Structure formats: structure tokens, C-alpha cells
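Coordinate analysis (summary)
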Amino acid sequence: MPVVTRFVVVLAVCLSSQAFAGKVTVPADVGVGPEAFWFYGPLLENRGAVPHFALAFNLHAIIDRDWINDNRDRIPAQYRGQADRITELKVGPSIFIPSTVYVSPAIDALNGVGIFGLTWKPLGLTLVSTGQKSERAWNQSRGRFLVEGNLLLTGLYIYSNLRGVELAGVPSTFFLRPGVELQTTLLLNVSRTVLVSVGGGAQAYVPQRLGAFFDVLPIERTVWLSFFAFLKFHVRFPYEASF
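Structure report, in brief. Since this is a predicted model, take the numbers as computed values, not measurements.

What follows covers the pairing of strand β9 (residues 194–209). In this sheet, β9 lies alongside strand β8 (residues 173–189) in antiparallel orientation, the contact comprising 11 bridges. Counted as the bridge partner of Glu181 is Gln203 from β9. Here β8 folds back onto β9 in antiparallel fashion, the turn holding 4 residues.

Further remarks concern a nonpolar patch on the surface. On the surface, Val103, Phe116, Leu153, Tyr157, Phe174, Leu176, Phe213 and Phe214 cluster together into a nonpolar patch covering about 770 Å² of accessible area. Those elements giving two or more residues to the nonpolar patch turn out to be β7 (143–160) and β8. The residue Tyr157 is located in strand β7 in this model.

Inspection of every chain in the model, using the stated rule, returns 10 aromatic pairs. Each ring, one from Phe39 and one from Tyr102, has its centre 6.4 Å from the other, and the planes form 45°; the classification is tilted. Of the two residues, Phe39 sits in strand β1 (residues 23–39) while Tyr102 sits in strand β4 (residues 100–104), which places them 63 residues apart along the sequence. Judged by its relative accessible area of 2%, Tyr102 falls in the buried class. Between the aromatic rings of Phe213 and Phe214, the centroid separation amounts to 5.0 Å while the plane-to-plane angle is 85°, which identifies the pairing as edge-to-face. Taking the relative accessible area as the measure of exposure, Phe213 reaches 33% and is therefore partly exposed. The structure contains a cluster of three or more aromatic residues connected by ring pairs, namely Phe37, Phe39, Tyr102, Phe228 and Phe230. Sitting above the plane of the Phe213 ring, Arg177 keeps its charged end 5.4 Å from the centroid. Against the face of Phe230 rests Lys232, its NZ or CZ located 5.6 Å from the ring centre.

Analysis parameters
- Residues numbered from 1 in each chain as written.
- Predicted model: local features only at pLDDT ≥ 70, side-chain atom pairs only at ≥ 80, totals over all residues.
- Heavy atoms only, no water.
- Pairing = 2+ DSSP bridges.
- Helix = DSSP H or I, 4+ residues; strand = E, 2+ residues; numbered from the N terminus.
- Patch = residues over 30% accessible without salt bridge, like charges linked within 9 Å, V, L, I, M, F, W, Y side chains within 5 Å.
- Areas by Shrake-Rupley, 256 points an atom, 1.4 Å probe, with all protein chains shown as cover.
- Salt bridge = Lys/Arg side-chain N within 4 Å of Asp/Glu carboxyl O.
- Phe/Tyr/Trp six-rings, centres within 6.5 Å; stacked < 30°, edge-to-face > 60°.
- Buried < 20%, exposed > 50% of the residue type's maximum accessible area, 1.4 Å probe, protein only.
- Lys NZ or Arg CZ within 6 Å of the ring centre and 35° of its normal.

Keep in mind these values describe shape, not function.
Structure representation (C-alpha cells):
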């Protein structure tokens, strides 16, 4: 079964009231820190190597191997094989909590283009994990390297305060598109409950031409690909959730 299909099946099981009636305790993770973005295309040509800035934030429950093993008897038998193939699943408590807050005002010295907006990541799947395999064995390995995949929804207000920039092809735009993300992370344990992560990756969106909403061409005039890097500080704690 493809990874994405397994992801959907196990997610449905984990969130199903029939499968997990009542309350269960899950590890929760709160993280916050600075993030930098480089948008391929006209925005990169306008700003060069200087990124647009944002605040990275996460609040999610972690469905990991420890949790699956502890709750194995509550997983319907026909889904246990799929659950065994999941390394880690991250589920946000609400689709309304953003994962990224873009705060990058227009600066004349950087050609006067600014970005404000939000990105939501309601679901995240750990595709590859090396190093620490269990939260309970945190003192045996102080770090993990993760490769993660995410679904995205991003809304941005892109604007310029210089008329010359408008003529150069960066008009005011309300960008709203779904996308996907591939992210690599080095997660370091400071203690059992305090962690630091550093990483980066790429995001791909349904293209949107600057200055328009429905246009997806020409591709060289659109926003569709971004690269990012981040540093986050995390606190983890047990959380009693109702399913």
C-alpha cells in the first residue's frame, strides 16, 4: 500500500470515535522560532539572497511508535498492519491554528516588497527518522534526523511601496493556494521535555500569477515554489485528548 494511502488510513483510525472512544494520553509538542523564506521567481529576483521573514509555530499531538504500541489493542485488527508502518504522525488540534506567520514588511533598501500572511499545516507525516527511535529512550540518543511531508494552505498579502517595483512585475497580490511541503529537521534533546530543532525544505503550490487570482500562467510570473530554513524551541508534555 502506498505511503500516502497508509497515512490516510491510519489517520482515519486514530481520529475515529468508534476506534478510540473516550480519553487517551498523547505526547503534545509546542514549538516556536524564526523562519526565513525564499520565493522562486519574481519575488526572488526582486529581493535577491535576503529572505522574507516569518515566525514558525507548531502545536500538535504526536502519534508515535510508543503511542501506537500502547494503544494497539484499541486499533481495529484490520488496520494494525498499516499502523505498524507509520513512524510518526503529527495531528494539529485545530485547522485554524497556523504553522507560519509571515511578518516581512516592505523595506525600500530591499526594493520595497513586503509579505504578510499565514500558512496552515493540519497534518504531518514523518517519512524517515534516524537516531532516537523512542521518546522514552531520549537519554540514549540526544538527537534525531527527520524527513517529513506536509499538506499546506497558505494565504499571503504581497505588496510593494515603490511604483518602480510595480512596473518591474511585483504588483499587489492576495495569494491563496494549497500546496505540499518536504522538510528535513535535526531535532536535539536538551532534556526530556525541552528540545531544539533546526531545518529547512521546499514548498510547492498550485501556481498563481502575481497581480491575479485565477491565472496560473506564465509560470515565470507566478508564485509556486519556495525554500525555507528555521530554528525552533520546543516543549513537550503529556496531553489527555478526547476521541
